[in-house]
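Summary of structural features
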Amino acid sequence: MRAIIHHTFGEPEAVLSVDDRPMPEPGAGEVRIKTVLSPIHNHDLVTVRGEYGFVPELPARAGTEAVGIIDALGEGVSGVSVGQRVATGGTFGAWAEYFTAKAAGLIPVPDALPDESAAQLVAMPFSALSLLHALSLERGQWMVQNAANGAVGRLIAQLAAARGIHVLGLVRRQDAVEQLREQGITNVLSTDDDAWRNRVDEVTGGAPIVAGVDSVGGASASDVLSLLAEKGALVVFGAMGSSALEISSGDLIFRQITVTGFWGSAVNRTMDAATKAELFRELLTRVTNGDVSLPVSGIYDFDDVRAAVDASLTPGRVGKVLLAP
């Protein structure tokens with residue numbers, strides 16, 4: 001079978017290529033899946049660079065999420081069947097014509113959900129919903145996030161709105177405010193406006209902001225932290241701008257703010273089955289009824305993986321870049 005691999009760590013657009021690999025065989029409790037579509041996530045690219053929390057052995061395959069058709073069952077597998085369409089996330093090596101996955105972690109895909117949405121259902125949307133669940137916010141409360149125009153930022157805004165939670169979004173450009181408004185996402189301020197802080201109370205009505213999500217790092221984390229109410233919580237979700245946080249110790253001490261990290265993969269591994277099932281039911285409902293949109297920027301053949309990576313890294317991109325065998 002054909003698979004996307006890399007023999008060295010480095011920039012994905014330089015080191016990824018397509019090669020022949022042996023057809024995988026499912027072990028006990030596993031299934032083999034024929035890939036239909038697989039998204040490119042930021043963490044996939046960071047893994048190819050050798051800079052993620054998981055460092056694969058070289059030569060390495062890549063990709064962690066896909067929608068596909070079950071092609072074969074391993075020993076002891078029940079509850080799923082050959083020919084069934086399923087989605088999976090956190091399954092390393094998904095950028096291949098075939099891959100194996102634990103049967104227990106598969107998500108059956110309803111007929112109403114198109115492949116383009118099912119392919120990106122697990123990693124980002126489920127992480128965003130898991131983050132909201134972890135924050136334990138009540139209907140009517142306010143939170144703030146930076147990178148509001150990113151994929152996760154859009155998902156958090158949509159999922160929070162469906163739960164009755166208010167989100168103040170921060171972006172770096174005014175045109176991003178307009179783009180989000182076109183998608184129905186409001187309460188967004190651009191930090192390139194020197195007076196943006198003066199408009200916070202105008203947006204929130206002076207209500208306390210009890211939680212913040214930082215996906216950028218650097219000074220942007222301080223922007224989020226500075227808006228939190230006393231005993232608020234800052235959750236670090238990503239580091240798109242800098243791996244270091246520039247935050248005020250005074251804010252932490254005198255306003256008793258807590259700072260924690262959130263890694264979706266770790267949360268997913270430790271979440272109990274009942275909570276996970278409940279959140280996936282909610283997610284499927286939100287996506288199928290239109291509360292949450294999962295746009296696609298483009299679909300690329302495996303042979304065009306380097307162009308796909310370039311497209312995924314394009315600033316201002318709206319929607320996921322997907323790979324097709």
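Residues numbered from 1 in each chain as written. Predicted model: local features only at pLDDT ≥ 70, side-chain atom pairs only at ≥ 80, totals over all residues. Heavy atoms only, no water.

Glancing now at the overall build of the protein chain. Secondary structure summary: the protein chain contains 12 helices and 16 strands in total. Expected size for 325 residues packed as a compact globule is a radius of gyration near 20 Å; at 20 Å, the protein chain falls within 12% of this value. With respect to the three principal axes, the spread of C-alpha positions in the protein chain is 60 × 40 × 35 Å. Within the protein chain, the proportion of its 325 residues that are buried is 49%. Expressed as a percentage of contacts within the protein chain between residues at least 6 apart in sequence, the contacts between residues at least 24 apart total 68%. Surface summary for the protein chain: the accessible area is close to 14400 Å², and the carbon and sulfur share equals 49%. (Helix = DSSP H or I, 4+ residues; strand = E, 2+ residues; numbered from the N terminus. Rg over C-alpha atoms; globule rule 2.2 N^0.38 Å. Buried < 20%, exposed > 50% of the residue type's maximum accessible area, 1.4 Å probe, protein only. Contact = heavy atoms within 4.5 Å. Areas by Shrake-Rupley, 256 points an atom, 1.4 Å probe, with all protein chains shown as cover.)

Applying the stated criterion across every chain, the model contains 1 cavity of 30 Å³ or more. Put simply, the largest cavity is a space of about 40 Å³. Around the largest cavity, the lining residues are His6, Asp44, Thr47, Val48, Arg61, Ala62, Gly63, Thr64 and Phe92. At 3 residues, the largest contribution of residues to the lining of the largest cavity is made by helix H2 (residues 42-48). A breakdown of the residues in the lining of the largest cavity according to their chemical character gives 3 nonpolar, 4 polar and 2 charged. (1 Å grid on protein atoms, 1.4 Å probe; cavity = no way out; pocket = protein on both sides within 12 Å on 5 of 7 lines; lining within 4 Å. Points joined across faces, edges and corners; volume = space filled by probe spheres on them. Nonpolar A, V, L, I, M, F, W, Y, C, P; charged D, E, K, R; others polar.)

Per the counting criterion, the structure on display carries 14 salt bridges. A salt bridge links Asp291 to Arg286; the nearest nitrogen and oxygen atoms lie 3.6 Å apart. In this structure Arg286 comes out as buried when scored by relative accessible area, which is 18%. Through salt bridges with shared partners, a single network forms among Arg163, Glu282, Arg286 and Asp291. (Salt bridge = Lys/Arg side-chain N within 4 Å of Asp/Glu carboxyl O.)

Quick look at the nonpolar core now. Core analysis: the biggest nonpolar cluster contains 42 residues, and Leu121, Leu131, Leu135, Met143, Ile156 and Leu283 have the highest contact counts within it. If you list the elements that add at least two residues to this core, you get helix H4 (122-135), helix H5 (151-162), strand S12 (209-214), helix H11 (273-288) and strand S16 (320-324). For this core, the leading source of residues is H4, giving 9 residues. (Core = buried A, V, L, I, M, F, W, Y, C linked by side-chain atoms within 4.5 Å.)

A few words now on the pairing of strand S1 (residues 2-6). Within a regular beta strand, the side chains point alternately toward one face of the sheet and then the other, so they alternate between its two faces. The buried fraction of S1 amounts to 4 of the 5 residues, a majority that puts the element mostly inside the structure. As paired elements, S1 and strand S2 (residues 17-20) share 4 bridges and run antiparallel to each other. Bridge pairing in S2 links Arg2 to Asp20. Looking at chain direction, S1 and strand S4 (residues 60-61) are connected through 2 bridges and run antiparallel. Of the residues in S4, the one forming a bridge with His6 is Ala60. (Pairing = 2+ DSSP bridges.)

This paragraph deals with the packing of aromatic side chains. On inspection of all chains with the given rule, the structure shows 4 aromatic pairs. A centroid spacing of 5.8 Å and a plane angle of 85° characterise the contact between Tyr52 and Trp263, whose relative ring orientation is edge-to-face. Taken together, the residues Tyr52 in the loop between H2 and S4 and Trp263 in the loop between strand S14 (258-261) and helix H10 (264-270) connect sequence positions 211 residues apart. What makes Trp263 partly exposed here is its relative accessible area of 36%. Seen from their ring centres, Phe54 and Phe92 are 5.0 Å apart, and the 75° between their planes marks the pair as edge-to-face. Taken together, the residues Phe54 in the loop between H2 and S4 and Phe92 in the loop between strand S6 (85-89) and strand S7 (98-102) connect sequence positions 38 residues apart. (Phe/Tyr/Trp six-rings, centres within 6.5 Å; stacked < 30°, edge-to-face > 60°.)

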